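Each chain is listed here by its residues.
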Amino acid sequence: MTRHHSSVVSIFDIGLQTAFDKDQIKTILKECVEETLGQHTYEHSKIGQWINDICEKSTKRLIALSKPFKYVVTCVIVQRNGAGLHTAASCFWDSANDGSASFRWEEKTMYCVAKCFALAI
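Per an unreviewed UniProt entry, the protein chain goes by the name Dynein light chain Tctex-type 1 and belongs to Guillardia theta.

Okay, here's the thing in structure tokens:
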């Protein structure tokens, strides 16, 4: 007796594959920040390169997910010297399909905040 196996993907499954996944985005941001900054200490001359590396790595990994989104990735690195850092963002979007995620990292000489905005296509 021959058995036929067919793979059926429901609309629900497709929706899960293309939905905004905040935890997945946050994990990507975390990995890119930690890979780039690792055990470094604050060094003013390297901040621009580190910020670019974090944004580019994150964007490439987000694109590799092949989800129907346009992405905006931002990164801020600040020397840890007692000064405060306050950020805010305001978006006009479709809250049912679009989303954002952020990751905050710190070590004894600096803070880093990476943020991703995902806009459904």
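Right, let's talk about the side chain of T109 for a bit. Tracing the backbone shows T109 in the loop between β2 (99-107) and β3 (110-120). Look past the residues within four positions of T109 in its chain and what remains in contact with it is T41, Y42, V78, Q79 and R80.

With that settled, consider the packing of aromatic side chains. All chains considered together, the criterion is met by three aromatic pairs. For the pair F20 and F69, a centre-to-centre distance of 6.2 Å together with 75° between the ring planes defines the contact as edge-to-face. Of this pair, F20 sits in the loop between α1 (11-18) and α2 (22-37) while F69 sits in strand β1 (residues 69-79), and the two are 49 residues apart along the sequence. By relative accessible area, which is 23% here, F20 ends up partly exposed.

The next point concerns the nonpolar core. By size, the foremost hydrophobic cluster in this structure holds 24 residues, and its most contacted members are V33, L37, I54, I77 and C112. Here this core takes six residues from α2, the largest share from any one element. Residues in contact with V33, not counting those within four places in the same chain, are G38, I54, F103, W105, C112 and A114.

Moving on, we come to the sheet that holds β1. Sheet architecture is open: three strands sit in the order β1-β3-β2, paired in antiparallel fashion. Bordering the open sheet on either side are β1 and β2, each of which pairs with just one other strand. Geometrically, the sheet is characterised by an average inter-axis angle of 10° between neighbouring strands, direction not taken into account. Judged from the 11 bridges that link them, β1 and β3 form a sheet pairing that is antiparallel. The residue of β3 that forms the bridge with V72 is F117. Across the sheet, α2 is in contact with β1, β2 and β3; its angle to β2 comes to roughly 30°.

This part is about the packing of α2 against helix α3 (residues 47-64). A packed helix pair is summarised by two numbers, namely the angle formed by the two axes and the spacing between the axes. The contact between α2 and α3 brings their axes to 9 Å, and the two run at 145°. In terms of crossing hand, the pair formed by α2 and α3 is right-handed. Each of I25, I28, L29, E31, C32, V33, E35, T36 and L37 in α2 lies in contact with α3, whose residues at this interface are W50, D53, I54, K57, S58, R61 and L62. Each residue belonging to the contact of α2 with α3 can be placed in one class, and the counts come to nine nonpolar, two polar and five charged.

What follows concerns the pattern of salt bridges. Applying the stated criterion across every chain, the model contains six salt bridges. Linking E106 and R80 is a salt bridge whose minimum nitrogen-to-oxygen distance equals 2.9 Å. Residue E106 is located in strand β2, and its partner R80 is located in the loop between β1 and β2; the two are separated by 26 residues in the primary sequence. When its relative accessible area of 35% is taken as the criterion, R80 is described as partly exposed.

About the cut-offs
Residues numbered from 1 in each chain as written. Predicted model: local features only at pLDDT ≥ 70, side-chain atom pairs only at ≥ 80, totals over all residues. Heavy atoms only, no water. Helix = DSSP H or I, 4+ residues; strand = E, 2+ residues; numbered from the N terminus. Contact = heavy atoms within 4.5 Å. Phe/Tyr/Trp six-rings, centres within 6.5 Å; stacked < 30°, edge-to-face > 60°. Buried < 20%, exposed > 50% of the residue type's maximum accessible area, 1.4 Å probe, protein only. Core = buried A, V, L, I, M, F, W, Y, C linked by side-chain atoms within 4.5 Å. Pairing = 2+ DSSP bridges. Axes fitted to C-alpha atoms, helices over the stretch in contact; angles between N-to-C directions. Left-handed = near helix turned anticlockwise from the far one by under 90°. Nonpolar A, V, L, I, M, F, W, Y, C, P; charged D, E, K, R; others polar. Salt bridge = Lys/Arg side-chain N within 4 Å of Asp/Glu carboxyl O.

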